[in-house]
Amino acid sequence: MSTEFRRLWAWPLALGLLTASGLLSALVSDAWGDVWAWLALGVPVAVGGWFSLARGAR
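Just so it is clear, the structure is predicted and the values come from calculations on it, not from any experiment.

## Some points on the overall build of the protein
The number of helices and strands found in the protein is two helices and zero strands. C-alpha extents for the protein along the principal axes are approximately 40 × 35 × 10 Å. Across the 58 residues of the protein, 10% fall into the buried class.

Rendered as structure tokens:
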């Protein structure tokens, strides 16, 4: 893979995998799996909120 490809798609892929693991964890596990689901699904929302607020401040 080229450096440009990795630079462009690394974070979106990481957030997508994090979201998928959170959704799967929410469906099939209890206790610590629920905690992981909350964290894994909350991080992409927090990142989106952070960047939307940062863009609005410009």
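## What to know about the side chain of Ser25
Within the secondary structure, Ser25 sits in helix 1 (residues 3–28). Once you skip the residues sitting within four places of it in the chain, Ser25 turns out to touch Gly33, Trp36 and Ala37.

## Here we look at the environment of Ala26
With respect to the secondary-structure elements, Ala26 resides in helix 1. It is 5.3 Å that separates the C-alpha atoms of Ala26 and Ala37, two residues lying eleven residues apart in sequence.

## A short note on the environment of Ala37
Here Ala37 shows up in helix 2 (residues 32–56). The class of Ala37 is buried, set by a relative accessible area of 5%. Measuring from C-alpha to C-alpha, the distance between Ala37 and Arg7 comes to 27 Å, with 30 residues separating the pair along the chain. Discounting chain neighbours no more than four positions away, the residues touching Ala37 are Gly22, Ser25 and Ala26.

## Considering the environment of Ala54
Looking at where Ala54 falls in the secondary structure, it is placed in helix 2. Take Ala54: its relative accessible area is 33%, and that puts it in the partly exposed class. Linking Ala54 and Gly22, residues 32 residues apart in sequence, is a C-alpha distance of 26 Å.

Analysis parameters
Residues numbered from 1 in each chain as written. Predicted model: local features only at pLDDT ≥ 70, side-chain atom pairs only at ≥ 80, totals over all residues. Heavy atoms only, no water. Helix = DSSP H or I, 4+ residues; strand = E, 2+ residues; numbered from the N terminus. Buried < 20%, exposed > 50% of the residue type's maximum accessible area, 1.4 Å probe, protein only. Contact = heavy atoms within 4.5 Å.

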